[in-house]
Amino acid sequence: MHAQTIDIFMTFPFTKSILHKLWNILLIIALEIGATATAMAQHGTLDGRVVDINGNGIYAATIIVEGSTLGSVTDFDGNFSISNINSGNIAITIHSIGYETKKLTATIAKGNKTSIDTITLNEASQEIDEVAVVGKSMARQQQEIAFAVSVVDLSKSYSSAATLKKAIGNNSSVRVREDGGLGSTYSFSINGFSGNQVKFFLDGIPMDNFGSSFNIGNLPPNIAERVDIYKGVLPVELCSDALGGAVNIVSRRNANYLDASYSIGSFGTHKANLSGALTTQSGFTLRLNVFGNRSDNDYKVYVQVVDLATGNKSSEKWVRRFADEYKSVGTWAELGIVNKPWADMLLAGIIASANDKQIQTGATMDAVYGGVNTTSSTIISTLRYKKDDIGAEGLSLSLFGTWGKVSTYYVDTLARRYNWEGEWIEKTSRGEFSLADTHIDSHEGQLTTTLSYIITEHQSLTINNSLSTNRRTSCNEANADDPMNNIPQRLTKNISAVGYKISFDRWNANLFLKNYHLHSSTQKQFDIYTDNARWERMSDDKNNLGYGLATTWFVTKKLQAKVSYENACRMPEANELFGDGLIQESNTDLRPEKSHNLNVGIGYCGVLANVHRLTLDANYIFRNAEDFIRKGVSLSNNPTTSYDNLGKVQTQGVELGAMYTYKIVHVGGGFTFQDIIDNARTVKTEGSYVGASEITNITYKQRLPNIPYLFANGEAGVKMDNIGGHNITITADYNFNYVHEYYLSFPGLGSVSSKKVIPMQISHDIAIGASIANGRYNIVAECNNVANAKLYDNYKLQKPGRNFSIKLRYYISK
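Residues numbered from 1 in each chain as written. Predicted model: local features only at pLDDT ≥ 70, side-chain atom pairs only at ≥ 80, totals over all residues. Heavy atoms only, no water.

Enquirer: Mind laying out the overall build of the protein chain, listing which residues take part and the relevant values?
Expert: In terms of regular secondary structure, the protein chain is built from five helices and 49 strands. Relative to its full complement of 814 residues, the protein chain shows a buried share of 51%. Pairs at least 24 residues apart make up 65% of the contacts formed inside the protein chain by residues separated by at least 6 positions. Carbon and sulfur atoms form 56% of the exposed surface of the protein chain, whose accessible area is close to 36,100 Å². (Helix = DSSP H or I, 4+ residues; strand = E, 2+ residues; numbered from the N terminus. Buried < 20%, exposed > 50% of the residue type's maximum accessible area, 1.4 Å probe, protein only. Contact = heavy atoms within 4.5 Å. Areas by Shrake-Rupley, 256 points an atom, 1.4 Å probe, with all protein chains shown as cover.)

Enquirer: Give a detailed account of the pairing of strand β34 (residues 559-570), specifying residues and quantitative values.
Expert: As paired strands, strand β33 (residues 534-554) and β34 are joined by eight bridges and run antiparallel to one another. For W553, the partnering residue across the bridge sits in β34 and is A561. Two successive antiparallel strands, β33 and β34, enclose a turn made up of four residues. Bridge count for β34 against strand β35 (residues 593-608) is twelve bridges, and the pairing is antiparallel. Across the sheet, A568 pairs through a bridge with S595, a residue of β35. (Pairing = 2+ DSSP bridges.)

Enquirer: Which residues make up the pattern of salt bridges, and what are the values?
Expert: A complete count under the given rule lists 32 salt bridges for this structure. When the shortest N-O distance is used, the salt bridge between E573 and K199 registers 2.1 Å. One end of the pair, E573, is in the loop between β34 and α5 (574-578); the other, K199, is in strand β14 (residues 198-202), with 374 residues separating them in the sequence. Just as E573 is buried, K199 falls in that class too. For D793, the salt bridge is made with K799, and the minimal N-O distance between the two is 3.0 Å. Taken individually, D793 and K799 each receive the classification buried, so the pair is uniform in this respect. Shared partners join several salt bridges into a network, and the residues in it are K199, D208, D241, K493 and E573. (Salt bridge = Lys/Arg side-chain N within 4 Å of Asp/Glu carboxyl O.)

Enquirer: Tell me about the environment of H740, residues and numbers included.
Expert: Of note, H740 is situated in the loop between β42 (728-739) and β43 (742-743). On a C-alpha basis, the gap between H740 and M760 in space is 4.7 Å, while along the polypeptide they are 20 residues apart. Setting aside residues up to four positions removed in sequence, H740 forms contacts with Y709, L710 and M760. Polar side-chain contacts of H740 include one of 2.7 Å to the side chain of Y738. (Polar contact = N/O pair within 3.5 Å; in protein donor to acceptor, adjacent residues only side chain to side chain.)

Enquirer: Give a description of the sheet that holds strand β3 (residues 71-73) that names residues and reports values.
Expert: Sheet architecture is open: four strands sit in the order β3-β2-β5-β6, paired in antiparallel fashion. The open sheet has two free edges, formed respectively by β3 and β6 (102-108), since each of these has just one partner strand. Between one strand axis and the next, the sheet turns by 20° as a mean value, whatever way the strands run. In terms of strand pairing, strand β2 (residues 62-65) meets strand β5 (residues 88-95) through four bridges, oriented antiparallel. In the sheet register, I64 faces β5, and the bridge partner there is T93. (Axes fitted to C-alpha atoms, helices over the stretch in contact; angles between N-to-C directions.)

Enquirer: Would you mind going over the sheet that holds strand β16 (residues 224-231) in detail, with residue names and values included?
Expert: Pairing within the open sheet is mixed, and its five strands lie in the order β11-β16-β17-β14-β15. The two strands at the open ends of the sheet, each matched to only one other strand, are β11 (149-153) and β15 (205-206). In the sheet, β16 pairs with strand β17 (residues 245-251) via seven bridges, with the strands oriented antiparallel. Bridging from a neighbouring strand, V227 pairs with I249 of β17.

Enquirer: Explain a nonpolar patch on the surface to me, and be specific about the residues and the numbers.
Expert: A cluster of nonpolar side chains, contributed by Y453, I455, L461, I463, V498, L513, L545 and Y547, occupies part of the molecular surface with about 660 Å² of accessible area. Put simply, the parts of the chain that give the nonpolar patch at least two residues each are β30 (459-476) and β33. Here I455 is to be found in the loop between β29 (436-454) and β30. On the accessibility criterion, I455 (38% relative accessible area) is partly exposed. (Patch = residues over 30% accessible without salt bridge, like charges linked within 9 Å, V, L, I, M, F, W, Y side chains within 5 Å.)

Enquirer: Let's hear about unusual backbone geometry: which residues, and what values?
Expert: Residues other than glycine seldom take positive phi values, yet D203 does so here, at roughly 55°. By the secondary structure assignment, D203 is in the loop between β14 and β15. On the accessibility criterion, D203 (17% relative accessible area) is buried. The residue N774 is not glycine, and still its phi comes out positive at about 55°.

Enquirer: Please provide a residue-by-residue account of the confidence of the model for the protein chain, values included.
Expert: For residues with low pLDDT, the predicted coordinates do not support detailed interpretation. Across the protein chain, the average pLDDT comes to 83, with 88% of residues at or above 70. pLDDT under 50 marks residues 1-41. Its contacts with residues more than four places away, or in other chains, come to 42 contacts. Here residues 125-138 is a poorly scored stretch, pLDDT under 50, and it has 38 contacts once near neighbours within four places are set aside; other chains count. (pLDDT = per-residue confidence, 0-100.)

Enquirer: Describe in detail the nonpolar core, supporting the description with residues and values.
Expert: By size, the foremost hydrophobic cluster in this structure holds 28 residues, and its most contacted members are L154, I168, F188, F214 and V227. Elements supplying a minimum of two residues to this core: α4 (164-167), β12 (174-178), β13 (186-190), β14, β16 and β17. Filtering out sequence-adjacent residues up to four positions away, I168 remains in contact with V152, L154, V174, F188, I216, V227, I229 and V247. Of all hydrophobic cores here, the second largest spans 27 residues; its members include F147, V149, A550 and Y643. (Core = buried A, V, L, I, M, F, W, Y, C linked by side-chain atoms within 4.5 Å.)

Enquirer: Got a sec to walk through the side chain of E178? Specific residues and values, please.
Expert: Counting through the fold element by element, E178 comes out in strand β12. E178 gets classed as buried once you look at its relative accessible area, which sits at 17%. Separated by 2.6 Å, the side chains of E178 and K165 make a polar contact.

Enquirer: How would you sum up the packing of aromatic side chains? Please name residues and give values.
Expert: Evaluated as defined, the whole model comprises twelve aromatic pairs. Ring centres of F188 and F200 lie 5.3 Å apart, and the angle between their planes is 75°; on these two criteria the pair is classed as edge-to-face. Here F188, found in strand β13, pairs with F200, found in strand β14; they are twelve residues apart in sequence, far enough to count as distant. Exposure remark for F188: the relative accessible area of 2% places this residue in the buried category. (Phe/Tyr/Trp six-rings, centres within 6.5 Å; stacked < 30°, edge-to-face > 60°.)

Enquirer: Got a sec to walk through the environment of P592? Specific residues and values, please.
Expert: Assignment of secondary structure puts P592 in the loop between α5 and β35. Classification of P592 as buried rests on a relative accessible area of 8%. With 34 residues separating them in the primary sequence, P592 and E626 have C-alpha atoms 8.8 Å apart.

Enquirer: Describe the environment of Y418, listing the residues and the values that go with them.
Expert: Mapped onto the elements, Y418 comes out in strand β27 (residues 416-418). Among the residues examined, Y418 registers a relative accessible area of 11% and is labelled buried.

Enquirer: Please set out the side chain of T469 residue by residue, giving values where relevant.
Expert: Tracing the backbone shows T469 in strand β30. By relative accessible area, which is 4% here, T469 ends up buried. One polar contact links T469 to T492, side chain to side chain, over a distance of 3.3 Å.

Right, here's the structure in full:
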C-alpha cells in the first residue's frame, strides 16, 4: 500500500487495535505451521472436488481411503481434503446417496499435497422401500440448510440474454424494482426490506463498496454457479449488518473452462461476456470474467407532454425516450495458486469497471432532462487466502482483503428545460434539476477474516470479523462556495461474529452472536435560517449487539422443517448519510435500524415412480423493526429522494413455492403476501417552536406505502434432449409475473380520488433455445413483456414495453 492509503486506513484507533490483534493471530499460526512441518514431512495430503454431470459440486459426498480410518466429507462446493495420508499408492472410494459409487487410485508424495482431477459422479436411481432416491443438486442441498434460503441454479440462465439481476428476480419474497431499462437504478427487496437493508456478497465477500458499475444490474449470470438468497437471518460466514437478508453470488468452480457469449436486442441493446478458468497440474490458476453492456433505452413511454411556451399539459400519449443511453464495461480477474500444502487457495486479483449513464428523469417522470449525465469508475485490488487444517486438523482460515477507489461524476449544467418530445427552451439559470458539476471520490477498503474449527464430528465453531472503511470527498465545481467542497467524510464499520453449530443426521442448530460498530465523520449545518447559522465538524460512534438461532429437522427424508430467529441491526450506509450529490439528499442524523426477524418454514422434496419430482416450500415471516430506514420521494417540480427513520414497522407474511417436473416438462411458481405496517402509536417531534413533544401517529397500523405487498410468479418449460440422435437439445420456457396494485402514500390519508397508485402489473416472457454438441454451441431467442403492458415498479417510472433479443453462446470445459 502507498503511505497515503495506510494513513487513511489507520485513521481510527479501533482499526489499529484490530489490525494489531490480527497480526498476532497470523504470527501464532505461522509458528504452529513451522512446528508441525517436520511431522507432515512423512505424510501427504489429498484434495479434489466431487461434481455431478453438470459440473455442480455435490455436498456431503464421502471419500474414504481404503485400508485406513482416514476420510472426508465434501463441503457445499463439493471440495474435500484428507491430511496425514501415508505416502505411496492409495485407493479411495467416493460415495453419495443418489449417485453411483466410484473408486480411484492416487499417488501420495511425502510432505506435499496431491490433487486429483475433478471427480464426476453419475446419478443413480434405486428403489428403497418403494421410494426412488435421486441425487440432489448443489442448489437443493444448499436450500436444505437450517437458514431460510432460496437457491437459484444459474446454469439454467447461462444462455439467456438477461443480466444477473433478472435471473434471480423470479423468486418468492423477492422483488427487483427498476426505474427503467438497462442500467437504470434498481432496488432489490426481500420480504419488504430493500435497498441497503439487503446485502450483496461475492463468494462471501461484501460488495458494498464495489461501485455502481460492478453490480447485479451489469453482471451476466455466466460468472456464477448459483445464488443463495438468505431471508432475514444470515449465517456467521456472511458477517454483515444486513437487516432483511442477503444475496451471496457463488462464482463458478470449474477448474478449466471457456464461456463466451454475445446478445443483441431491442432499443439498441448489446451485451457481451467472456468467462473462463485455467488450472495447471502444478496448481497455477487464472480466472477471468469480462463483460460489456450498452443500450439506447429509447423505448416508448405513455406520458403527458408539456407545452414549453404555455406550461399546459397534453393528454397522455406515446413518446420515445431520447436521452437515456447507458454503457458499462468491467472485468474481474484473479491469478494465483491452489492446492499447495501451505495454501488451498492464494489469489491476487483486480476488479475494474466503468459506466456512463444519461439521466432522463428525476424521481418521477414529471421531470424530464436532456443533458444530465453521470459516470462512474471502479478500480479495486483483491487478495484471497484459504487453508484447511492449518496448524491443526479441523482448523481453517480464510482471508479476503480489498483496497480501491470508486469515482463518480455528475454533470447538470445546461440552462435548458425539456419536455417529452425532446423540445427545449432556454432557462435563466443553469442546471435542469440542480446546478452540478460534481466529482465524488471514495477510497474504500475492507478486510474479512474467518477462522473455523471442527471440535468433534458433530460440533464446530466459527469466528468472523469484517472491517470496512470509506473516505469520501466531493467537489461541485459549478458551486465554488459550497461549504462541503473537498471536505472529507468518513464511514468505518467493524462487525464481529462468533457461531456454534451442532449437527446430527436429521437435526442441526446454529447459535451466533454479533457485535456492530460504526464510526462516521462529516460536516453538518446547524441553526439554519437564523443569524447563528454555521457549519460544524461532527463525528459519531454507534455500537450494537445482535444474536440469533437457526435450526432444522428432517421429519422424514422428504419432509424438512426449519426455524430461524435473529435480533438484527443495520448501520446507515455512506450514500444514505451523505447523499449522492444530485437527486438523493443527505441525512446525517440517521439512526441504526434494528429488527427481530423470525422465519418458520417447511419443505418437501420427493420423487415418485422415478419420473415425478415434486418440490414444495411454505414459509411464515415475521419482522418487528425499530428506526426503520425508508426511502421517501418529494413530489415537487424537481422530485428528490431522501432516507429517514420510521419509528416502528411490523411485517407478517407468507410465501409459497412449488416446482413439478415430469420427464421433459417442468412447471412451478411462487406466491408472496407481506403485510408491512407502521407500528408506532406515537411519534416524536423535535426542533419545533414549542420544543420536543410526542404526538399521536395518524398512520398507526396503516400499510407502508410504495412497497408491493402481494405478488406472484410462475414458470413452465420443456426440454428435449438428443433430438434426432445428434446431441441437439431444444428448450422452450415461459415466465409470468404478477404484482398487485399499491399506494404511493399511506392508504388512510387523503381522499380515494386523490391517491397516487402504482397499478397492477402483469408481464409474460417467453424464450426458445437450441443447444448443439452437448452444450458447446447455444442460441436463444427471447421476447420479454409479450403483451406490451405498461409496467411500473415505481410511481410514474415506466419500464420497457415488448422487446426481443437473441443470444449466441460458446462453451467448452475440460
